[in-house]
Amino acid sequence: MRQQQAAFDLDVFECAFPDPEQILALGGSALRAAVDTGVVAFATMVGTSAERVHSRLVRTVRISKTTVPDDLDRQEMLRILRTWRTDPSTYRPPVALRRPHRPEGIGQLPAPRVIKPAHLHVDCGLCCDAVKAGDLMGRFRQPKDLSFTAMGWLCGHCLYARRETPRRRDILLRIYHHLFAGSATGFNAYECEVLETWLAEPALTNTTAWRTDPLENTLARLRDSVEEQKATTWVADPTCRTIVSVLAHTDLTPQEKSLLRSVDQHLTEWRTNPQGLETRRFGTGLRYRVEVLRTTPNPTELSKRGGPFDLHQSPAPAPEDDDEAPAPDDQADS
Ligand SMILES: [Zn+2]
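Criteria and thresholds
- Residues numbered from 1 in each chain as written.
- Predicted model: local features only at pLDDT ≥ 70, side-chain atom pairs only at ≥ 80, totals over all residues.
- Heavy atoms only, no water.
- Helix = DSSP H or I, 4+ residues; strand = E, 2+ residues; numbered from the N terminus.
- Buried < 20%, exposed > 50% of the residue type's maximum accessible area, 1.4 Å probe, protein only.
- Contact = heavy atoms within 4.5 Å.
- Areas by Shrake-Rupley, 256 points an atom, 1.4 Å probe, with all protein chains shown as cover.
- Core = buried A, V, L, I, M, F, W, Y, C linked by side-chain atoms within 4.5 Å.
- Domains from an automatic or database assignment.
- Donors = N, O, S within 2.8 Å, 3.2 Å for Na, K, Ca; no water.
- Tetrahedral: all angles 85-135°; square planar, octahedral: opposite > 155°, others 65-115°.
- Expected span 1.5 Å × (residues − 1).
- Arc of directions from axis to C-beta.
- Salt bridge = Lys/Arg side-chain N within 4 Å of Asp/Glu carboxyl O.
- Pairing = 2+ DSSP bridges.

Participant: Describe the overall build of the protein, naming the residues involved and giving the relevant values.
Facilitator: Within the protein, the secondary structure is distributed over 16 helices and 7 strands. The buried share of the protein, taken over its 334 residues, is 43%. Counting only contacts in the protein whose residues sit at least 6 apart along the sequence, the fraction spanning at least 24 positions is 67%. Surface summary for the protein: the accessible area is close to 18,000 Å², and the carbon and sulfur share equals 52%.

Participant: Kindly report on the nonpolar core, identifying the contributing residues and their values.
Facilitator: Among soluble globular proteins, nonpolar side chains are generally buried collectively. By size, the foremost hydrophobic cluster in this structure holds 74 residues, and its most contacted members are Leu81, Leu126 and Leu199. The leading source of residues in this core is helix α7 (residues 168–181), at 7 residues. Split by domain, this core shows at least three residues from each of two domains, domain 1 (2–90) and domain 2 (166–305).

Participant: An account of the coordination of the zinc ion is requested, with residue identities and associated values reported.
Facilitator: Donor atoms from the polypeptide that bind the zinc ion are Cys124 (SG), Cys127 (SG), Cys155 (SG) and Cys158 (SG), placed at 2.3 Å. Of note is the zinc ion, whose 4 donor atoms meet at the metal with angles of 106 to 113 degrees in an arrangement that counts as tetrahedral. Sequence spacing of the donors to the zinc ion: C-x2-C-x27-C-x2-C. Of this pair, Cys124 sits in the loop between β2 (122–123) and β3 (130–131) while Cys158 sits in helix α6 (residues 156–161), and the two are 34 residues apart along the sequence. Each member of the pair Cys124 and Cys158 is classed as buried.

Participant: Go over helix α10 (residues 216–228) with me, naming the residues and quoting the values.
Facilitator: Its 13 residues give α10 an end-to-end C-alpha distance of 18 Å, which sits within 8% of 18 Å, the value for a rise of 1.5 Å per residue. Every buried residue of α10 is accounted for by Thr218, Leu219, Leu222 and Ser225. Buried residues along α10 cover an arc of 120 degrees about the axis, so they all sit on one side. Looking at α10, the residues exposed on the side facing more than 90 degrees away from the buried face are Asn217, Glu227 and Glu228. Once α10 finishes, Gln229 follows within two positions and takes phi at roughly 50 degrees, a positive value.

Participant: Got a sec to walk through unusual backbone geometry? Specific residues and values, please.
Facilitator: Residue Pro308 is bonded to the preceding Gly307 through a cis peptide linkage, with omega at 0 degrees. Examined against the element boundaries, Pro308 turns out to sit in the loop between α15 (301–305) and α16 (328–331). Positive phi values are uncommon outside glycine, yet His312 reaches one of about 85 degrees. Its location among the elements puts His312 in the loop between α15 and α16. On the basis of relative accessibility, which here comes to 11%, the residue His312 falls in the buried class.

Participant: Any details on the pattern of salt bridges? Residues and values, ideally.
Facilitator: Applying the stated criterion to the full structure yields 18 salt bridges. As a salt-bridge pair, Arg169 and Asp129 come within 3.0 Å of each other at their nearest N and O atoms. Placement of the pair is Arg169 in helix α7 and Asp129 in the loop between β2 and β3, with a sequence separation of 40 residues. For the residue pair Arg169 and Asp129, the accessibility class agrees, reading buried in each case. Across the salt bridge formed by Glu256 and Arg168, the nearest N and O atoms sit 2.8 Å from each other.

Participant: Got a sec to walk through the sheet that holds strand β4 (residues 136–139)? Specific residues and values, please.
Facilitator: Strand order in the open sheet formed by 3 strands is β1-β4-β5, and the pairing between neighbours is antiparallel. The two strands at the open ends of the sheet, each matched to only one other strand, are β1 (114–117) and β5 (154–155). When β4 meets β5, the two strands line up antiparallel, connected through 2 bridges. Counterpart to Met137 in the pairing with β5 is Cys155.

Participant: Run through the side chain of Arg79, naming residues and quoting values.
Facilitator: Locating Arg79 in the fold gives a position in helix α5 (residues 71–86). Discounting residues that sit within four places of it in the chain, Arg79 has contacts with Ile23, Leu24, Leu72, His119, Leu120, Val122 and Trp153.

In structure tokens, the structure reads:
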């Protein structure tokens, strides 16, 4: 019976290997089974053993022995199998990668757990930008704080540069994920500079949001942060909501407009509970926000990705006149 089932699955795979959209929709045991069947189908196709194909697959997706692959890793395994199947000449051992420059100081992000060239086109799991086949992508380690969700495959900018050379969209994403997690938003000096410049348009002081909750003090704090190159400046939750409302009145690129609209939609839904979720069951905190987002009547790129994500805070700089060596934990990749 099992053999019959396996033969059926193999037939299906030989006729129609899951396409990129179908791969994204797979998870759990169905995804594990698809990888196993895909390995057997490809081994049969090229006349080698399934063990050999599986071993090369694990090395190509760069899963270390100590890492348990999650659904997003396994989806990438299927994309690799799909690439090999489409063009068997690409079934080669993975080549060593040159690690990109990693910023230092307050612009630094943790070292990624894995980097690899994309086998097929994917969208960045944080900013949604296209990652074309051959472009660098990677993933961070699972967050230690279990209230955060693991991020998917990210583009090179989101892996390395987003804290040193932040775009305006990075600021919006940071505010969104902090509000989602239920905390104030921490900006480093580079992010403060981008936000300060964005908010400095004179016409914005006439918006209803600004008149109700003036941002002059916040702007002054952002300027101080830039001048002092501060690692982190915390901006309170209500002020961040005002900032989101005010920024909607600025000149926006189509990407910024779409992201800001999605952020605004989810902030509104968390406030109004349009699905009528029972607070008795979900409370009013993080579980409630996760559930409202998961069941939103109008899915967006943000709701598809879930969260909240830990977008990283800069470690505090070492005290200048302290000769003591830092503790080993402070030297580790944070
Ligand atoms: Zn990105």
